[in-house]
Amino acid sequence: MPAPHSTPTQPNEPTDSVGRAGTVLVVDDDPHGLTFFRASLKLCGFRVVATMNVAEAQERLEAMGMDAFDAVLSDFRMPEATGLDLLRWIRARDRSLSTVIITAQGEKDLVKASLSEGATEFLEKPITHQALRDAMLKAAADTARMRKFEYDQAGLRDAGRLDRFFNTTLGEELSAHIRLVYQPLHEVGGDFFSARKLAGDRFLIVAGDVSGHDIRSGFVSAYFQGMIRGFEEAGQSAREAFSVFNRLLCDEWGGPGVDAGATSLSVCALEFDLAQSSVTVTSSGFPPVVFCDRHGFVTHSITGAFPMGWDRTRGPVREIRPLDDVSFVCMHTDGLIDFATELEIDPLSLAQRLIMDGKEGVNSALHSPDDLLLIRFFINPEQSTTALFQPILHESYSGDEYQDIDHLQAVWRRSIQFAVGDELGDRLYDLLICLREGMLNAFHHGCEGSPEKICTLQMSYLPDEKVVRVRIDDPGKGHNFDLKKRLAEMDIAAEGRGRNLGLGIIQHLSDKFGIENKGTSLLFDFHVHP
Amino acid sequence: MSTRELISSELKASKKRLVIPINSDITSSTVDAVGEAFREAVAQHPMETWKTIYFDLRNARMIDSKGVNWLFSEVRNLQTRGKIVVFQVASPAIHRVMEFSGLEQLVIMKFRRRRQTR
């Protein structure tokens, strides 16, 4: 049954007033229906462009541009092409333009099809003025919202591209020193870094993580990086820049403390002076920086400061570390730690795998749930990175954790296999037996099973020679006898239950075995192919 | 793992052979349960019905010093009673530990290397 109508007019006759509610394209082969829709929508404040078939509608959209329209109202049943055909055509060109489909009473299945094609709304005849007004006002509002979202997204993409171009491009001198894994999940905000070669043999590397992934976060990140550069060029320290920016975030850009509207920034700056063989670490709420020695064993920088934006009275922590016997320095954001926790492996083994994947040009199959940023700065760029021991595990345990030895062993196994792959083959179990024996010795004798005492396990890997190196340290008093001599003289069969059997097993299964600090430190090597 | 899953037993009466498959690593975490299950399995078969006992360790990948000590005790105990002890081993790591610890000298060792897939 046709909708109520006024005197029919030419379908393409422009209206007199420019619609304050927007412009609607109406498509209906029924001239009476078209007249009703035109009159009703004019009353709502819309400017109406009317057409009588899909081909004509497409011509008008192309001639005037999709952007000229705020919504489309189309009948479903028309000769030659239907309202759904028009909907598909529109969505292929502009997904933000809302379309309302008019159906006859009882055409429910068609309605479902139109919704699955992306129609904003449907109207079932007979249509009242009220229903038409509500549907088209909503459609126009949806179009406006979608277009703003796409505009913002395009802006974020541009901002992200600019940020990556200006801040993450490494020059030749920097590339020689740096291995980088940078996988941001968003266009702006989150993890960022910048690296610069300074005068002399000095380098500045800044890495951080700004809360949020919106335009505000991108702005804060860019502003901070610009400020750091300005301070450096003016001869001011990173610590000064951190303190100033913290006050800026707390006092001028955010409320007191941490709230929903505030932005915070975890950041670390490394100022290398290779001529002086030292690095200055300045950190606000950033994970500890890792220093790796020639054995692949690590120490960490101090921590303790809050992220910027949390507390205006708390400045960054700062320390100066010598680089003697340091092969490389590593910084990473918390995304690495979270990803490693999810995989149930040590973060160092994950780092090693990511670095090696990048080196070999392999698109890593690993997909982190958060931004990933990992930077290694090698002190001597002449040296091939695969000729250096790389850390793959560093864990500290309390003496009573011997009760969880099977769980710990499973983590060691996963971490080793993750970092080294299948190279070890059957030797993996030799290594696991030795780790188990060494750690049980540390738990029972060094820590005496006490939760108050801590022992440490470290592992590293030398890719070129395929050697796994292990170090176990415990806080025990050690002993005064010559353990190696005792192991050499041990006769298990004669004694029955031989003393030091566990250490004897390690010595027998490993390829190189050593003891330091009166037996409180064990070191042993495993060659993948002995 | 239940006792039955941990250890089973099969008597081959015509050969006077008792076979004990041990389906677990023998470490500080498992040695008590393995030991108890082993004693129960052996107790099911009167001593006079078997002369040789096979420890089928082909499903074990690892053994630590506590496991070695337990095996040593059981081997000594059985040999004192006049039994012949055979170890069936597939893990190269376990074989190496038995070589070093001297267990290989006390028993008949049947080692056939199998790639560890577990």
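Residues numbered from 1 in each chain as written. Chains lettered and ligands numbered in written order. Predicted model: local features only at pLDDT ≥ 70, side-chain atom pairs only at ≥ 80, totals over all residues.

A. Up close: the overall build of chain B. Within chain B, the regular secondary structure consists of 5 helices and 5 strands. Computed over the C-alpha atoms, the radius of gyration of chain B is 13 Å, within 12% of the 13 Å expected from 2.2 N^0.38 for a compact globule of 118 residues. When its C-alpha atoms are laid out on the principal axes, chain B stretches across 35 × 30 × 25 Å. For chain B, the proportion of its 118 residues judged to be buried stands at 39%. Counted over contacts in chain B with a minimum sequence separation of 6, partners at least 24 positions apart contribute 72%. (Helix = DSSP H or I, 4+ residues; strand = E, 2+ residues; numbered from the N terminus. Rg over C-alpha atoms; globule rule 2.2 N^0.38 Å. Buried ≥ 20, exposed ≤ 12 C-beta atoms within 10 Å, placed from the backbone. Contact = placed C-beta atoms within 7 Å.)

B. Region of the structure containing the overall build of chain A. Along the backbone of chain A there are 15 helices and 20 strands. For chain A, with 530 residues in total, the buried portion stands at 40%.

C. Fine view of helix α3 (residues 65-80) of chain B. Its 16 residues give α3(B) an end-to-end C-alpha distance of 22 Å, which sits within 8% of 22 Å, the value for a rise of 1.5 Å per residue. By the burial criterion, the buried members of α3(B) are Ser65(B), Lys66(B), Gly67(B), Val68(B), Trp70(B), Leu71(B) and Phe72(B). Summarising the contacts, the buried residues of α3(B) are in contact with α12 (427-446) and α15 (501-509) of chain A together with α2 (31-43), α4 (92-101) and α5 (103-106) of chain B. (Expected span 1.5 Å × (residues − 1).)

D. The arrangement of the sheet that holds strand β17 (residues 454-462) of chain A in detail. All names here are of chain A. Taken in spatial order, the 5 strands make up an open sheet running β16-β17-β18-β20-β19, and their pairing is antiparallel. The open sheet has two edge strands, β16 (390-398) and β19 (512-516), and neither has a second partner. Neighbouring strand axes in the sheet, compared pairwise and without regard to direction, differ in orientation by 10° on average. In the sheet, β19 pairs with strand β20 (residues 521-527) via 5 bridges, with the strands oriented antiparallel. Each bridged residue has a counterpart across the sheet, and for Lys512 the counterpart in β20 is Asp525. (Pairing = 2+ DSSP bridges. Axes fitted to C-alpha atoms, helices over the stretch in contact; angles between N-to-C directions.)

E. Main features of α15(A). By the criterion of burial, α15(A) is predominantly enclosed, with 8 of the 9 residues buried. Within α15(A) the residues assigned to the buried category are Leu501(A), Gly502(A), Leu503(A), Gly504(A), Ile505(A), Ile506(A), Gln507(A) and Leu509(A).

F. Representation of the packing of helix α11 (residues 405-420) of chain A against α12(A). All names here are of chain A. Interhelical geometry of α11 versus α12 gives an angle of 140° and a closest axis separation of 11 Å. Classified by the angle their axes make, α11 and α12 are oblique. Considering the relative orientation of α11 and α12, their crossing is right-handed. Mapping the contact onto sequence places Ile405, Gln409, Trp412, Arg413 and Ile416 in α11 and Leu428, Leu431, Leu432, Leu435, Arg436 and Leu440 in α12. Among the residues making up the contact of α11 with α12, the classes are represented as 8 nonpolar, 1 polar and 2 charged. (Parallel < 35°, antiparallel > 145°, perpendicular 65-115°, else oblique. Left-handed = near helix turned anticlockwise from the far one by under 90°. Nonpolar A, V, L, I, M, F, W, Y, C, P; charged D, E, K, R; others polar.)

G. Representation of the domain arrangement of chain A. Taken as a whole, chain A is organised into domain 1 (22-156), domain 2 (168-382) and domain 3 (399-527). Each of domain 1 of chain A and domain 2 of chain A was reduced to a C-alpha centroid, and the two centroids are 51 Å apart. (Domains from an automatic or database assignment.)

H. Structural context of the sheet that holds strand β15 (residues 372-378) of chain A. Residue and element names in this part refer to chain A. Strand order in the open sheet formed by 5 strands is β6-β15-β14-β11-β12, with antiparallel pairing between adjacent strands. Of all the strands in the sheet, just β6 (178-183) and β12 (298-300) have a single pairing partner and so form its edges. Ignoring which end each strand starts from, the neighbouring axes of this sheet average 20° apart. Packing against the sheet, helix α9 (residues 334-343) makes contact with β14 (326-332) and β15, and its axis sits at approximately 115° to β15.

I. Representation of the environment of Gln409(A). Residues and elements named next belong to chain A. Along the chain, the position of Gln409 falls in helix α11. Each C-alpha atom, one on Gln409 and one on Met439, is 9.8 Å from the other, the two residues being 30 residues apart in sequence. With sequence-adjacent residues up to four places away left out, Gln409 is seen in contact with Leu432, Leu435 and Arg436.

J. Representation of the interface of chain B and chain A. If you look at the interface, chain B gives 22 residues, while chain A gives 20 residues. It is α4(B) that provides the largest number of residues to the side of chain B that touches chain A, a total of 6 residues. Taken together, the residues that form the side of chain B that touches chain A break down as 8 nonpolar, 10 polar and 4 charged.

K. Structural detail: the pairing of β14(A). All names here are of chain A. Counting buried positions along β14 gives 7 out of 7 residues, so the element sits mostly inside the fold. Bridge count for strand β11 (residues 290-293) against β14 is 4 bridges, and the pairing is antiparallel. Residue pairing in the sheet places Phe291 in a bridge with Val329 of β14. Judged from the 5 bridges that link them, β14 and β15 form a sheet pairing that is antiparallel. If you follow Val329 over to β15, its bridge partner there is Phe377.

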